[in-house]
Amino acid sequence: QVQLVESGGELVQVGASLRLSCAASERISEHALAWWRQAPGKEREFVAVINWRGSIRDYTDSVKGRFTISRDNTKNTAFLQMDSLKPEDTAVYYCAADYSPGGGASSRYADYDYWGQGTQVTVSS
């Protein structure tokens, strides 16, 4: 059972940057890793995904050009660099893992087997 722990969320001003981290309890080198977020009163939405090789990255349109997903398989960790933050980025951000040895990178909620507890990001105007 993979356990995921997110960190790095905080209250920031519009235009600021944050780097979220997701630490896994065990080897995740064959898992796609993704970030999702959920704002109050809204459904959880896909943000970004990276396959286990790091060769495929995908983003939701609203964060393209501002967010960058990355990973370090030697440290079983994923990251989400968030730049030019906007108030609409305010949400709880969740890390998720999908066992995908073939190198896929899914944006489907149902494909993810493991989830973290989330970290709060608040962007104030």
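The rules behind the values
- Residues numbered from 1 in each chain as written.
- Predicted model: local features only at pLDDT ≥ 70, side-chain atom pairs only at ≥ 80, totals over all residues.
- Heavy atoms only, no water.
- Helix = DSSP H or I, 4+ residues; strand = E, 2+ residues; numbered from the N terminus.
- Polar contact = N/O pair within 3.5 Å; in protein donor to acceptor, adjacent residues only side chain to side chain.
- Core = buried A, V, L, I, M, F, W, Y, C linked by side-chain atoms within 4.5 Å.
- Buried < 20%, exposed > 50% of the residue type's maximum accessible area, 1.4 Å probe, protein only.
- Contact = heavy atoms within 4.5 Å.
- Pairing = 2+ DSSP bridges.
- Axes fitted to C-alpha atoms, helices over the stretch in contact; angles between N-to-C directions.
- Phe/Tyr/Trp six-rings, centres within 6.5 Å; stacked < 30°, edge-to-face > 60°.
- Lys NZ or Arg CZ within 6 Å of the ring centre and 35° of its normal.

(A) Examining the environment of Thr 74 more closely. Relative to the helices and strands, Thr 74 is located in the loop between strand S7 (67–72) and strand S8 (77–82). Along the chain, Thr 74 and Ile 28 lie 46 residues apart, while their C-alpha atoms are 9.3 Å from each other. Only 2.4 Å separates the side chain of Thr 74 from the side chain of Asp 72, close enough to count as a polar contact.

(B) Highlighting the nonpolar core. Ranked by internal contacts, the top residues of the largest apolar core, which has 28 residues, are Trp 35, Val 47, Phe 67, Leu 80, Met 82 and Tyr 93. For this core, the secondary structure elements donating two or more residues are strand S3 (18–24), strand S4 (31–38), strand S5 (45–50), S7, S8, strand S9 (91–99) and strand S11 (119–124). Aside from chain neighbours lying at most four places away, what touches Phe 67 is Arg 37, Val 47, Tyr 59, Leu 80, Gln 81, Met 82, Asp 83, Leu 85, Asp 89 and Tyr 93. Core analysis: the next-biggest nonpolar cluster, separate from the first, contains seven residues, Ala 32, Trp 36, Phe 46 and Val 49 among them.

(C) Examining the pairing of S9 more closely. Within S9, seven of the nine residues are buried, which leaves it mostly tucked inside the rest of the structure. Two elements, S4 and S9, share eight bridges in a ladder whose sense is antiparallel. From the neighbouring strand, Ala 32 faces S9, where its bridge partner is Asp 98. The pairing of S9 with S11 spans three bridges and is antiparallel.

(D) Expanded view of the sheet that holds S8. Spatially, the four strands line up as an open sheet ordered S1-S3-S8-S7, and their pairing is antiparallel. Pairing within the sheet leaves two strands with one partner each, and these edge strands are strand S1 (4–7) and S7. Going from strand to strand, the sheet's axes swing by 15° on average, the running direction of each strand aside. Pairing between S7 and S8: six bridges, direction antiparallel. Residue pairing for S8: Ser 70 is matched across the bridge by Phe 79.

(E) Inspection of the packing of aromatic side chains at higher detail. Taken as a whole, this structure holds six aromatic pairs when the rule is applied. Centroid distance Tyr 112 to Trp 115: 6.2 Å. Interplanar angle 65°. Geometry classified as edge-to-face. Tyr 112 gets classed as buried once you look at its relative accessible area, which sits at 5%. Taken together through their ring pairs, the aromatic side chains of Trp 36, Phe 46, Tyr 109, Tyr 112 and Trp 115 make up a single cluster. When the ring centre of Phe 79 is taken as reference, the NZ or CZ atom of Arg 19 above it lies at 3.9 Å. In this structure, Arg 44 packs its charged tip against the face of Trp 115, placed 5.0 Å from the ring centre.

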